[in-house]
Amino acid sequence: MNNFMFGRYIPGNSWVHRLDPRAKLLLCFIYIGVVFFANNFWTYLLLTVVLLGSIILAAVPARIFIRGLRPLFWLLLFTVVIQIFFGAGGHVYWQWGVFSITHDGLVSAGLILMRFVLIILISTLLTFTTQPLAIADGIESLLNPLRKVHFPVATLALMLSLSLRFVPTLMDEATKIMNAQRSRGVDFGSGGLRQQIKTIVPILIPLFVNAFQRAVDISIAMEARGYRDGENRTKYRQLKWRSADTISLVGFVIMAGLVIALRQLT
Amino acid sequence: MAIISVSNLTYQYAQSEAPAVNDVTFDVEAGDWVAIVGHNGSGKSTLAKLLIGILAADSGTIDIAGTRLTEASVWDVRETIGMVFQNPDNQFVGATVADDVAFGMENRHVSRDVMIRRVKEALLQVGMWEFRDREPARLSGGQKQRVALAGVMAVAPKILILDEATSMLDPEGRSDILNTIKTLKQKLNLTVLSITHDIDEAAQADRILVIDDGRFIEEATPQALFEHGSDLIAMGLDVPFSAKLTELLAQRGVAVPAHYLDEGSLADWLWKSRLTK
Ligand SMILES: Nc1ncnc2c1ncn2[C@@H]1O[C@H](COP(=O)(O)OP(=O)(O)OP(=O)(O)O)[C@@H](O)[C@H]1O
Ligand SMILES: [Mg+2]
């Protein structure tokens, strides 16, 4: 599990780390939205520069970013290959049955790859610099307008933060169960696919049973502590919007405007 | 007037044959410490859940601080009772220590300024203030139980119910938290109802109630109860070392005192008895 970097939080105190999670979520949405407007060299250059700038401001080492991309390598490769072979139009370089490599196919493969990498990197930047809990808080706060239509925003946020809270607990438990099975002679990670699936089942079943028991216990504990309904509660944790948040938001809006202006160049 | 008054309480789980709590009657005076002991499955946790209205009794009544527990009054009753459960992980709801302590207050619509003050007070009381920003994954079981205690104390209950709150801790963590509870009880004049298998915890009590198959079979002071020696195991308590030793000495024909001695007083008695021989 240790080399699984995607979606991890890297503790730090950089400029990006200190931004309000709401701001970071909005920046991320704006950026991802704008990526789909990019269509030529200049727009991609601008997006890349903004991304690199943000990465530098986040002070997260580049090799950690590269490690974060690695698990997605096959997905990227697959998408690119599909685009190259099935994208049609323009000059045909090579053809065999339904497969062909065309000029437009190559271009669109390049663009897709570029967009993919930009989107993955900006989301990775978000998770690297923002604690899961802060992200949950940010989502809750951004969804607040939905309360007007009686959408259970606070309940949803509590569910989210509870599940995040129990990820390490369940991971621990899985490790314990695996060790218990190992001590009975189960050999994980060897044998064929069938064999491996067979060894997974005796982990999942106790894990599920325990998780349900846990859920019952937690709901009792919550009720005993006066939890009635999720919506009418005061909040202990509070988010603070600072001028840095406004500045970065304005910066990203300007970037969005520039990308849309630069689109016209071709 | 008794702060907890239970009369003829009976509860049976839907799928089971016999009642888990069977015609139970008892009173607890304000400021008392009462221990409930009994073997596994004797109905202790069920009784605790009935007291805070998580389960609704089939028959019988519960009065907490003068209020009859009903479907309508259950939320008021929960204001007066704080409960700490057995499993440290399954009652830690907040994402960090401070958040968890605030949880009960958030439910009670306490304003943020007051919460900030009370979180600090409560964490200082249990000695966990330095850990306020820690996630539960980076705390020991004993520390998590302290946080649970702080979360309960932050809402200032009159009654503290401990359902085997120390049973998953090592001896050190156990005596630590017991000492904290003792101090808190004295300072705030709490009423404590502790469900336990642990002899040291039961020894703190003014009174011990023994429950078996859903019925109270005995009520005694710790002193009187511990004279039973190995019968204690049958009652659901772990026999203390000093009682084991006293019994072994008696078997060897040593004239040991008939009343219960804890480790300290047994040691005193031992070296004195040598001297006078
Ligand atoms: N949710 C449930 N559904 C059905 N039966 C239950 C349920 N919970 C407990 N029981 C049964 O009720 C009886 C009393 O259980 P309870 O949990 O109150 O015991 P306990 O004294 O707390 O035991 P322990 O010392 O193991 O915690 C037991 O026979 C148990 O099997
Ligand atoms: Mg129990």
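Residues numbered from 1 in each chain as written. Chains lettered and ligands numbered in written order. Predicted model: local features only at pLDDT ≥ 70, side-chain atom pairs only at ≥ 80, totals over all residues. Heavy atoms only, no water.

Enquirer: Tell me what's going on with the overall build of chain A, and back it up with residues and numbers.
Expert: Along its length, chain A carries nine helices and two strands. N-terminal to C-terminal, the α/β element order of chain A is α-α-α-α-β-β-α-α-α-α-α. Taken against the 2.2 N^0.38 rule, which gives 18 Å for 266 residues, the C-alpha radius of gyration of chain A at 23 Å runs more than 25% over that of a compact globule. Taking the principal axes of the C-alpha coordinates as reference, chain A spans close to 65 × 55 × 40 Å. In chain A, the share of contacts with a sequence separation of at least 24, taken over all contacts with a separation of at least 6, comes to 71%. For chain A, the accessible area works out to roughly 15700 Å², and carbon and sulfur atoms hold 70% of it. For chain A, the separation between the mean place of its 25 positive charges and that of its 12 negative charges on side chains is 6 Å. (Helix = DSSP H or I, 4+ residues; strand = E, 2+ residues; numbered from the N terminus. Rg over C-alpha atoms; globule rule 2.2 N^0.38 Å. Contact = heavy atoms within 4.5 Å. Areas by Shrake-Rupley, 256 points an atom, 1.4 Å probe, with all protein chains shown as cover. Lys, Arg positive; Asp, Glu negative; His and termini not counted. Charge placed at Lys NZ, Arg CZ, Asp CG, Glu CD.)

Enquirer: Go over the packing of aromatic side chains with me, naming the residues and quoting the values.
Expert: Within the structure shown, the criterion is met by seven aromatic pairs over all chains. Ring centres of Phe65(A) and Phe128(A) lie 5.1 Å apart, and the angle between their planes is 70°; this geometry places the pair in the edge-to-face category. Remark: Phe128(A) occurs in helix H5 (residues 103–129) and Phe65(A) occurs in helix H3 (residues 62–69); sequence separation between them is 63 residues. The burial state of Phe65(A) is the same as that of Phe128(A); both residues are buried. For the ring pair Phe26(B) and Phe216(B), a centre distance of 5.2 Å and an interplane angle of 75° mean the geometry is edge-to-face. With Phe26(B) in strand E2 (residues 21–29) and Phe216(B) in strand E10 (residues 215–220), this pair connects stretches of sequence that are 190 residues apart. Across the ring face of Phe166(A), the terminal group of Arg165(A) is positioned such that the distance to the ring centre comes to 3.9 Å. Of note, Arg132(B) hangs over the ring of Trp129(B), and the distance from its end group to the ring centre comes to 4.2 Å. (Phe/Tyr/Trp six-rings, centres within 6.5 Å; stacked < 30°, edge-to-face > 60°. Buried < 20%, exposed > 50% of the residue type's maximum accessible area, 1.4 Å probe, protein only. Lys NZ or Arg CZ within 6 Å of the ring centre and 35° of its normal.)

Enquirer: Explain a nonpolar patch on the surface to me, using residue names and the numbers behind them.
Expert: A cluster of nonpolar side chains, contributed by Phe41(A), Trp42(A), Leu45(A), Val49(A) and Leu265(A), occupies part of the molecular surface with about 540 Å² of accessible area. Within the secondary structure, Val49(A) sits in helix H2 (residues 41–58). (Patch = residues over 30% accessible without salt bridge, like charges linked within 9 Å, V, L, I, M, F, W, Y side chains within 5 Å. Salt bridge = Lys/Arg side-chain N within 4 Å of Asp/Glu carboxyl O.)

Enquirer: Can you break down the pairing of strand E3 (residues 33–37) of chain B residue by residue, with the values?
Expert: All names here are of chain B. Summarising burial for E3: five of the five residues are buried, a large majority. Taken together, the four bridges between E3 and strand E8 (residues 191–195) define a ladder with parallel strand orientation. Directly across from Ile36, in E8, lies its bridge partner Ile195. (Pairing = 2+ DSSP bridges.)

Enquirer: Outline the site of ligand 1, supporting the account with residue identities and numerical values.
Expert: All names here are of chain B. Around ligand 1, 13 residues are found, and the nearest of them are Asn40, Gly41, Lys44, Ser45 and Thr46. The contact in question runs from an oxygen atom of ligand 1 to an N or O atom on the backbone of Ser42, over 3.2 Å. One nitrogen or oxygen atom from the side chain of Thr46 is found 2.4 Å from an oxygen atom belonging to ligand 1. Against a free-state accessible area of 630 Å², the protein chains account for coverage of 61% of ligand 1. Of the residues in the shell around ligand 1, the class split is two nonpolar, nine polar and two charged. (Near = heavy atom within 4 Å. Polar contact = N/O pair within 3.5 Å; in protein donor to acceptor, adjacent residues only side chain to side chain. Nonpolar A, V, L, I, M, F, W, Y, C, P; charged D, E, K, R; others polar.)

Enquirer: Account for the interface of chain B and chain A, naming residues and giving values.
Expert: Taken together, the contacts link 33 residues of chain B with 25 residues of chain A. In this assembly, chain B packs against chain A so that about 2900 Å² is buried in total across both faces, 55% of it on carbon and sulfur atoms. Looking only at chain B, the three residues that lose the most surface to chain A are Trp75(B), Asn90(B) and Arg112(B), adding up to 23% of its buried area. Seen at the junction of chain B and chain A, the total is five salt bridges. For the salt bridge of Arg233(A) with Glu106(B), the shortest nitrogen-to-oxygen distance reads 3.0 Å. The interface formed by chain B and chain A holds 18 residue pairs in polar contact (both at pLDDT 80 or more) in total. Among the secondary structure elements, those contributing two or more residues to the side of chain B that touches chain A are helix H2 (74–80), helix H3 (97–107) and helix H4 (112–125) of chain B. Here the residues of the side of chain B that touches chain A sort into 18 nonpolar, seven polar and eight charged. (Buried area = accessible area lost by both parts, 1.4 Å probe.)

Enquirer: I'd like to hear about the packing of H3(B) against helix H5 (residues 141–153) of chain B, residue by residue, with values.
Expert: All names here are of chain B. Relative orientation of the contacting elements H3 and H5 amounts to 35°, with a least axis distance of 7 Å. Between H3 and H5 lies a crossing of right-handed hand. For the pair H3 and H5, the contacting residues are Val97, Asp100 and Val101 in the first and Val147, Ala150 and Gly151 in the second. (Axes fitted to C-alpha atoms, helices over the stretch in contact; angles between N-to-C directions. Left-handed = near helix turned anticlockwise from the far one by under 90°.)

Enquirer: Let's hear about the sheet that holds strand E9 (residues 207–212) of chain B: which residues, and what values?
Expert: Residue and element names in this part refer to chain B. Taken together, six strands build an open sheet; the order of strands is E6-E7-E8-E3-E9-E10 and the sheet is mixed. One side of each edge strand has no neighbouring strand; the edge strands of this open sheet are strand E6 (81–84) and E10. When the angles between neighbouring strand axes are averaged without regard to direction, this sheet yields 20°. Looking at chain direction, E3 and E9 are connected through four bridges and run parallel.

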